[in-house]
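# Notes for the structure review
As a plain string of letters, each chain reads:
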Amino acid sequence: LTLETIFTFASLATSLKDDIILTQPATHDIDEPPLFLPPSIVTFLSGACLLSLESVRMYWGALKNGIWADCFTISNKIKDLFDTHGHPYGFSMF
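The notes below deal with the structure included here. (Residues numbered from 1 in each chain as written. Predicted model: local features only at pLDDT ≥ 70, side-chain atom pairs only at ≥ 80, totals over all residues. Heavy atoms only, no water.)

## Some thoughts on the overall build of the protein chain
Of the regular secondary structure elements, the protein chain holds five helices and zero strands. When the elements of the protein chain are put in sequence order from the N terminus, they spell out α-α-α-α-α. Considering only C-alpha atoms, the protein chain reaches an extent of 50 × 30 × 20 Å along its principal axes. The buried share among the 94 residues of the protein chain stands at 33%. The long-range share in the protein chain, meaning contacts at least 24 apart out of those at least 6 apart in sequence, stands at 59%. If you sum the accessible surface of the protein chain, you get close to 6,400 Å²; carbon and sulfur atoms cover 63% of it. Here the protein chain carries 5 positive and 10 negative side-chain charges, and the mean point of each set is 3 Å from the other. (Helix = DSSP H or I, 4+ residues; strand = E, 2+ residues; numbered from the N terminus. Buried < 20%, exposed > 50% of the residue type's maximum accessible area, 1.4 Å probe, protein only. Contact = heavy atoms within 4.5 Å. Areas by Shrake-Rupley, 256 points an atom, 1.4 Å probe, with all protein chains shown as cover. Lys, Arg positive; Asp, Glu negative; His and termini not counted. Charge placed at Lys NZ, Arg CZ, Asp CG, Glu CD.)

Structure (structure tokens):
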């Protein structure tokens, strides 16, 4: 397992949150990650990340809270870091 695979998995899963929540019962708290992913999402993540189906389930179990809290959405965080720390050195995101 590489760091790239972890970030790819987390980024893809984050972008699929709306699709994931649509498959949950109406009583599911949308602020909490589901315990399990729907089969179509598992299959997609497996193919996209070159992981076994069981590995996808295992990584979801380990990363779901961070994914649901958008901890892997880095564009705004990176911009903030550049704005805070990069400008004194002449660095910017763009």
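Now, onward.
## A word on the packing of aromatic side chains
This structure, assessed with the given rule, holds three aromatic pairs. Between tryptophan 60 and tryptophan 68, the ring centres sit 6.1 Å apart and the planes meet at 85°, which makes this aromatic pair edge-to-face. Classification of tryptophan 68 by relative accessible area gives buried; the value is 9%. The side chain of lysine 17 reaches across the aromatic face of tryptophan 68, ending 5.2 Å from its centre. (Phe/Tyr/Trp six-rings, centres within 6.5 Å; stacked < 30°, edge-to-face > 60°. Lys NZ or Arg CZ within 6 Å of the ring centre and 35° of its normal.)

## Points about the pattern of salt bridges
Proximity of charged atoms lets side chains of opposite charge pair with each other. Tallying each qualifying case throughout the model produces two salt bridges. Put simply, aspartate 70 and lysine 17 hold a salt bridge, and the shortest N to O gap is 3.3 Å. Taken together, the residues aspartate 70 in the loop between α4 (53-68) and α5 (75-86) and lysine 17 in helix α2 (residues 17-22) connect sequence positions 53 residues apart. Aspartate 70 gets classed as partly exposed once you look at its relative accessible area, which sits at 34%. We classify lysine 17 as buried; its relative accessible area is 16%. Two residues, glutamate 54 and arginine 57, come together in a salt bridge whose shortest N-O distance is 4.0 Å. (Salt bridge = Lys/Arg side-chain N within 4 Å of Asp/Glu carboxyl O.)

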